[in-house]
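Observations on the three-dimensional arrangement
Next come the chains, spelled out residue by residue.
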Amino acid sequence: MQLVIFFVLAAITTVAGIIMVSADNIARSIYSHVLALLGIAGIYLLLYAEFMAGVQVLVYAGGVSIMLLFALMLTKPAKGVIRALDHPRRVPAFITAVVLFGLLSFSIFQAKWPLKVEPSRVMTPEVIGKSMFADYVLPFEIVSVILLVALIGAVVIGVKGREDTDDEE
Amino acid sequence: MIQQYLHAYSYIAIFALVGLLYVVVVLTVSRLLAPHRPSKEKSHPYECGLVPVGEPWGQLNIRYYVFALLFVLFDVETVFMYPWAVVFRDMGWSAFLEMFSFIVIIALGLIYAWKKNVLRWV
């Protein structure tokens, strides 16, 4: 049963990923990106990582995808026609993909996976919270510093963009 | 345990399936039943009855992007508060102080944004 669910989710994710890189319209590829992320969230659920699945839906399928759409809408639209994406560097892309696939599958088959998760070890937010606030306090606080860096970076970019648009107006 | 776990999420799967089927069925039925007589007026994009103005792909102001970025950042912050809220009662003051300093550090960024007037719209 779980195997069947896994293959359905994997098929959805893979097909969405293929549509994402091959679509001619960039908005379409963003939407299939969302579908691929949701499929991965489903696989997380299958691995008993409930919290990860929730985060995946909230942050990636929700926030990050919206941000991608915003970024798309910030670009200057092509006058009159909506230009189809061209894929000029197919050969280098193919070589890169094959090399990356080889490296990743090599390391996946090399690594020892101490798996077979016990059903009792479902990663509830409680388990994560306990380890986060007892054992991983420093990484947790470092996350806040990283978020601060991103925030200041966003503000700097925003201030710059404002000056640019003010010039145009 | 596993059965229960999968059961709980089968509702989501059913919801997704029904939602998908609904779209497919409605579109198919409409294609089969509706008469197909296109005209220039009918193929206009629908904008509440008004004549559409401009291109569908309009350029947005960069200010939207800052708000989107800020939203994602605080989205991530909120994500960390879920496990915190669950264990808060058991762990007491240490968890409180840890989350407090976490929020204070991010609030520094918010104050910076405020001082730089990025939060002001006009």
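Residues numbered from 1 in each chain as written. Chains lettered and ligands numbered in written order. Predicted model: local features only at pLDDT ≥ 70, side-chain atom pairs only at ≥ 80, totals over all residues. Heavy atoms only, no water.

In this section: the interface of chain B and chain A. Every contact between the two is made by 51 residues of chain B and, on the other side, 54 residues of chain A. Together chain B and chain A conceal approximately 5000 Å² of surface at their shared face, both sides included; 78% is due to carbon and sulfur atoms. Joining chain B to chain A, the criterion identifies 1 salt bridge. Among the salt bridges present, the one from Lys130(A) reaches Asp90(B), with a minimum N-O distance of 3.8 Å. Linking chain B to chain A there are 3 residue pairs in polar contact (both at pLDDT 80 or more). The set of elements that each furnish at least two residues to the side of chain B that touches chain A consists of α1 (2-33), α2 (62-91) and α3 (93-115) of chain B. The leading source of residues in the side of chain B that touches chain A is α2(B), at 24 residues. In terms of residue class, the side of chain B that touches chain A is built from 37 nonpolar, 6 polar and 8 charged. (Contact = heavy atoms within 4.5 Å. Buried area = accessible area lost by both parts, 1.4 Å probe. Salt bridge = Lys/Arg side-chain N within 4 Å of Asp/Glu carboxyl O. Polar contact = N/O pair within 3.5 Å; in protein donor to acceptor, adjacent residues only side chain to side chain. Helix = DSSP H or I, 4+ residues; strand = E, 2+ residues; numbered from the N terminus. Nonpolar A, V, L, I, M, F, W, Y, C, P; charged D, E, K, R; others polar.)

The subject of this paragraph is the pattern of salt bridges. If charged atoms from side chains of opposite charge come close, those side chains can pair. Taken as a whole and assessed by the stated rule, the structure comprises 2 salt bridges over all chains. Among the charged side chains, a salt-bridge network with shared partners connects Glu126(A), Lys130(A) and Asp90(B).

In this section: the packing of aromatic side chains. Summed over all chains, the structure comprises 9 aromatic pairs over all chains. A centroid spacing of 4.9 Å and a plane angle of 70° characterise the contact between Phe133(A) and Phe140(A), whose relative ring orientation is edge-to-face. For Phe140(A), a relative accessible area of 3% puts it in the buried group. Counting every residue linked through ring pairs, the aromatic cluster contains Trp84(B), Phe88(B), Trp93(B), Phe96(B) and Phe100(B). (Phe/Tyr/Trp six-rings, centres within 6.5 Å; stacked < 30°, edge-to-face > 60°. Buried < 20%, exposed > 50% of the residue type's maximum accessible area, 1.4 Å probe, protein only.)

Note on placement: Glu98(B) falls in helix α3. Summary of buried charges: Glu98(B) has no salt-bridge partner, and the nearest side chain of opposite charge, Lys130(A), is 13 Å away. Aside from chain neighbours lying at most four places away, what touches Glu98(B) is Phe133(A), Val137(A), Phe140(A) and Glu141(A). (Lys, Arg positive; Asp, Glu negative; His and termini not counted.)

Before going further, it helps to examine the environment of Val137(A). Residue position: Val137(A) is located in helix α6 (residues 137-168). For Val137(A), a relative accessible area of 25% puts it in the partly exposed group.

In this section: the packing of α2(B) against α3(B). Residue and element names in this part refer to chain B. Between α2 and α3, the shortest axis-to-axis distance is 9 Å and the interhelical angle comes to 160°. Here α2 lies roughly antiparallel to α3, going by the angle between them. As for how α2 packs across α3, the hand of that crossing is left-handed. Taken together, the residues of α3 that come into contact with α2 (itself represented by Phe-74, Glu-77, Phe-80, Met-81, Trp-84, Phe-88 and Met-91) are Trp-93, Ser-94, Ala-95, Phe-96, Met-99, Phe-102, Ile-103, Ile-106 and Leu-110. (Axes fitted to C-alpha atoms, helices over the stretch in contact; angles between N-to-C directions. Parallel < 35°, antiparallel > 145°, perpendicular 65-115°, else oblique. Left-handed = near helix turned anticlockwise from the far one by under 90°.)

Residues and elements named next belong to chain A. Within the secondary structure, Ile-5 is located in helix α1 (residues 2-22). Using a relative accessible area of 27% as the deciding quantity, one classes Ile-5 as partly exposed. Separated by 41 residues in sequence, Ile-5 and Leu-46 have C-alpha atoms that sit 8.1 Å apart.

Below, the discussion takes up the packing of helix α2 (residues 26-46) of chain A against helix α3 (residues 50-74) of chain A. Residue and element names in this part refer to chain A. One can describe the packing of α2 onto α3 by two numbers: an axis separation of 8 Å at closest approach and a directional angle of 175°. With respect to their mutual orientation, α2 and α3 come out roughly antiparallel. Within the contact between the two elements, α2 uses Ile-26, Ala-27, Ile-30, Tyr-31, His-33, Val-34, Leu-37, Leu-38, Ile-40, Ala-41, Tyr-44 and Leu-45 and α3 uses Glu-50, Met-52, Ala-53, Gln-56, Val-57, Tyr-60, Ala-61, Ser-65, Leu-68, Leu-69 and Leu-72.

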